[in-house]
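# Summary of structural features
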Amino acid sequence: MTTKVKRKKRSGLARREARLAYILLAPAVIVVLGLVIFPVLWTIALSLQRIKLIDLQNVNLFDIDITTRNFERVVSERDFADVLTTTFVYTVGGTVLSIGIGLWAAMALRKAFRGRSLVRGFVLFPYVAPIIAVTVVWKLMLNPTFGFANEVMDAIGFQRIDFLGRRDFVLTILGWDITLPMALSMVILFEAWRYFPFAFLFILARIQAMPMELEEAAMVDGASMWQRFRYVIFPQLAGVLSVLVVLRFIWTFNKFDDIFLLTGGAGGTEVVTVKIIDWLRGRADIGSAAALGLILAAILMVLIVIYFKFFFKEEEA
């Protein structure tokens with residue numbers, strides 16, 4: 001009898017715990033359904049029907065005329081391959097440069113010196129400054145008529161350059177002509193400048209958590225600065241760098257506002273996100289814009305899966 005009573009008590013306690021678990025999970029489930037699942041389903045529904053912006057108010061999610069014409073239209077666009085290539089170049093360039101500069105800044109500012117806190121505060125400025133303000137400053141600085149960069153070009157005897165409007169720039173070095181994507185290089189440089197503080201914070205926090213004994217032992221053994229970085233410091237940064245690569249790649253791949261505010265997609269800087277806005281606002285074609293958005297998401301998911309499968313390194317305890 002006693003055993004049955006104990007079993008009933010345990011069973012009742014388990015049911016109460018299960019109910020409590022459902023109650024605690026309910027808000028998160030509702031948020032995910034409302035902010036993630038439903039928008040995805042809605043985007044899929046829009047991508048599978050021919051619909052213009054003016055027809056949006058009459059769309060019925062449960063009564064749609066399914067077609068794949070939107071996907072065929074955006075993929076068969078003459079510049080689709082160029083836009084996709086530009087997106088990859090912009091994403092990889094912005095990710096690598098922002099993390100590389102952040103790593104350099106973290107290494108330079110890791111040791112104590114007079115005014116270090118003030119310098120660290122200034123390093124964060126590009127990341128915390130309003131995007132509208134910094135893009136306006138960069139556009140003024142790179143203006144082909146009165147920009148500071150072109151004033152410097154004039155002073156050293158070079159011709160003025162439309163940095164944000166010129167697609168290609170031919171640079172001659174030792175008789176060799178090198179074609180550079182001028183406008184795309186500038187937006188990649190802007191991406192690196194604006195977001196390197198994010199990488200700087202992550203890397204600096206990890207560096208300061210490292211045991212100093214390992215580096216001190218390497219110094220005693222006569223290791224050079226590069227050897228200490230290569231064999232002592234860098235291996236301990238593998239985990240945080242892997243996380244940074246994932247985050248920065250995802251955010252840069254989906255980036256819209258930086259390029260849109262700097263160039264509007266001109267000069268060979270049109271990426272997939274800007275193309276989506278072109279389909280949506282310029283052509284008022286919601287179905288094609290939704291289809292291109294799903295293609296962008298699918299490509300990103302495939303790349304992230306490949307990265308986690310073959311390249312991601314977890315932080316070791």
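For the structure, see preceding data.
Because the structure is predicted, anything quoted here is derived from the model rather than measured. (Residues numbered from 1 in each chain as written. Predicted model: local features only at pLDDT ≥ 70, side-chain atom pairs only at ≥ 80, totals over all residues. Heavy atoms only, no water.)

### Digging into the nonpolar core
We count it as follows: Residue types Ala, Val, Leu, Ile, Met, Phe, Trp, Tyr and Cys, when buried and joined through side-chain atoms within 4.5 Å, form a set referred to as a nonpolar core. Buried means the residue's accessible area, taken with a 1.4 Å probe over protein chains only, is under 20% of the maximum for its type, while exposed means over 50%, and partly exposed covers the values in between. In DSSP terms, a helix is any run of H or I states spanning at least four residues, a strand is any run of E spanning at least two, and both are numbered starting from the N terminus. Contacts between residues were defined by any pair of non-hydrogen atoms, one from each residue, lying within 4.5 Å.
Membership of the largest hydrophobic core comes to 22 residues, with the highest contact counts inside it found for Tyr90, Leu142 and Phe163. Mapped onto this core, the elements with two or more residues apiece are helix H6 (131–141), helix H7 (148–155), helix H8 (182–208) and helix H12 (257–262). Excluding its chain neighbours within four sequence positions, the residues that come into contact with Phe163 are Leu142, Ala149, Asn150, Met153, Met182, Ala183 and Met186. One finds Leu109, Phe196, Leu237 and Val240 within the second-largest nonpolar core, a separate group that totals 20 residues.

### Observations concerning the pattern of salt bridges
As a reminder, the rule being used: One side-chain nitrogen of Lys or Arg within 4 Å of one carboxyl oxygen of Asp or Glu is enough to make a salt bridge.
Applying the stated criterion across every chain yields a total of twelve salt bridges. For Glu191, the salt bridge goes to Arg248, with nearest N and O atoms at 2.9 Å. One end of the pair, Glu191, is in helix H8; the other, Arg248, is in helix H11 (residues 238–253), with 57 residues separating them in the sequence. For the pair Glu191 and Arg248, a shared accessibility class is recorded, and that class is buried.

### A few points about H6
For an α-helix the count is 3.6 residues per turn, leaving residues at separations of three or four pointing the same way. Keep this limit in mind: The directions considered for the arc run from the helix axis to the C-beta atoms.
Restricting attention to buried positions, one finds in H6 the residues Ile131, Val134, Thr135 and Trp138. An end-on view of H6 places all buried positions within 100° of arc, on one side of the element. In H6, the exposed residues that point more than 90 degrees away from the buried face are Ile132 and Val137. Packing partners of the buried residues in H6 comprise H8 and H12.

### So, the packing of H6 against H8
Note the threshold: Only C-alpha atoms enter the line fits that serve as axes; for helices the fit covers just the stretch in contact. Angles between N-to-C directions range over 0 to 180 degrees. Angle categories are assigned with fixed cut-offs, so that under 35 degrees is roughly parallel, over 145 is roughly antiparallel, 65 to 115 is roughly perpendicular, and the rest are oblique. A clockwise turn of the near helix away from the far one marks a right-handed crossing, whereas an anticlockwise turn of less than a right angle marks a left-handed crossing. Residues are sorted three ways: Asp, Glu, Lys and Arg are charged, Ala, Val, Leu, Ile, Met, Phe, Trp, Tyr, Cys and Pro are nonpolar, and all the rest, Gly among them, are polar.
For the pair H6 and H8, the least separation of the axes is 12 Å and the interaxial angle reads 135°. Here H8 runs oblique to H6, going by the angle between their axes. The chirality of how H6 crosses H8 is right-handed. Residues Ile131, Val134, Thr135 and Trp138 of H6 pack against Met186, Leu189, Phe190, Trp193 and Arg194 of H8. Residues belonging to the contact of H6 with H8 are distributed by class as follows: seven nonpolar, one polar and one charged.

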